[in-house]
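Survey of secondary and tertiary structure
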Amino acid sequence: MRTHIVWDWNGTLFHDMAAVLGASNAAFATVGLPPLSLQEYREQYEIPIPRFYQRLLGRMPSQSEWEALDDAFHDRYRELSPDCALTDGVPELLGGWRSAPGRSQSLLSMYEHERLVPVVEGFGLSGHFLRVDGRTGASGGRKAGFLAAHLAALGPDLDRSRTVLVGDAVDDAEAALESGIHAVLYTGGSHTREKLAAVGVPVVDSLAEAVALAEQLG
């Protein structure tokens, strides 16, 4: 049996918070909301995304507002994200984990699958993963259902007691716990440390720490 890591992409392996913040502020402008600082964003961010907008608006956005917010976010994100880079140390960490005996890894993102795959390939990372899965269908929802499908696709040899999801959001941990696997949360992405710590899973400040914890948990 092997120890397996399921990696998150945005805010975890891909250090894209500058693009996420710029895209979010572009979206906010469509409904008259003021821009947020990165700290304010990380304090307020929530999944499912409509609840994040509800928190800021003081009400649930209408269907037309949601569509305008979502379109504006993704349009601006596609403009800004090419300037973003991998999180420090990612190629070495992925390569080291892949080459170690009894180790495997995969990638699961809520970024649209058809856009995710070429980005991962562009960084030369695809060969490190057993699977690369992005979101199919509507945006803004939770990861739990996608994680369940991802784990099932990895096959019956996957030992869930030795599988760890590494992500940057509360939703990552909640999805992992619902699927019966471990979670480690990284503070370099979408949430403050305080919000991550409230979930009750390990919280780390670097992906190297996340890998070390995955070795212990697995």
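The structure displayed is predicted, hence computed values, not measured ones. (Residues numbered from 1 in each chain as written. Predicted model: local features only at pLDDT ≥ 70, side-chain atom pairs only at ≥ 80, totals over all residues. Heavy atoms only, no water.)

The geometry of an aromatic ring pair is captured by the separation of the ring centres together with the interplanar angle, meaning the angle of the planes. This structure, assessed with the given rule, holds 12 aromatic pairs. Relative to F123, the ring of W9 lies with its centre 6.2 Å away and its plane at 55°, an arrangement referred to as tilted. Of this pair, W9 sits in the loop between β1 (3-7) and β2 (14-15) while F123 sits in the loop between α6 (113-122) and β5 (132-135), and the two are 114 residues apart along the sequence. Residue classification places F123 among the partly exposed residues on the basis of a relative accessible area of 33%. Counting every residue linked through ring pairs, the aromatic cluster contains F28, Y41, Y45, F52, Y53 and W66. The ring of W97 has R103 sitting right over it, with the charged end atom 4.9 Å from the ring centre. (Phe/Tyr/Trp six-rings, centres within 6.5 Å; stacked < 30°, edge-to-face > 60°. Helix = DSSP H or I, 4+ residues; strand = E, 2+ residues; numbered from the N terminus. Buried < 20%, exposed > 50% of the residue type's maximum accessible area, 1.4 Å probe, protein only. Lys NZ or Arg CZ within 6 Å of the ring centre and 35° of its normal.)

Before going further, it helps to examine the packing of helix α5 (residues 90-99) against helix α10 (residues 207-217). Close contact between α5 and α10 brings their axes to 10 Å; oriented N to C, the two are set at 15°. Our classification of the angle between α5 and α10 gives roughly parallel. Note on packing geometry: the crossing formed by α5 with α10 is right-handed. Residues V90, L93 and W97 of α5 form the contact with α10, whose participating residues are L207, A208, V211, A214 and E215. Taken together, the residues that form the contact of α5 with α10 break down as 7 nonpolar, no polar and 1 charged. (Axes fitted to C-alpha atoms, helices over the stretch in contact; angles between N-to-C directions. Parallel < 35°, antiparallel > 145°, perpendicular 65-115°, else oblique. Left-handed = near helix turned anticlockwise from the far one by under 90°. Contact = heavy atoms within 4.5 Å. Nonpolar A, V, L, I, M, F, W, Y, C, P; charged D, E, K, R; others polar.)

Turning our attention to the nonpolar core. W7, W9, L13, Y53, L107 and F129 are the most contacted members of the largest nonpolar core, which totals 51 residues. With 7 residues, the top contributor of residues to this core is helix α1 (residues 17-29). Setting aside chain neighbours within four positions, we find L107 in contact with W7, D8, W9, L13, L116, V120, F129, R131, V132, D133 and H150. (Core = buried A, V, L, I, M, F, W, Y, C linked by side-chain atoms within 4.5 Å.)

Tracing the chain through its elements places A176 in helix α8 (residues 170-178). Relative accessible area serves as the criterion here: at 0%, A176 is assigned to the buried category. Measuring from C-alpha to C-alpha, the distance between A176 and G96 comes to 23 Å, with 80 residues separating the pair along the chain. Beyond its immediate sequence surroundings of up to four residues, A176 is in contact with L147, L165, I181, H182 and A183.

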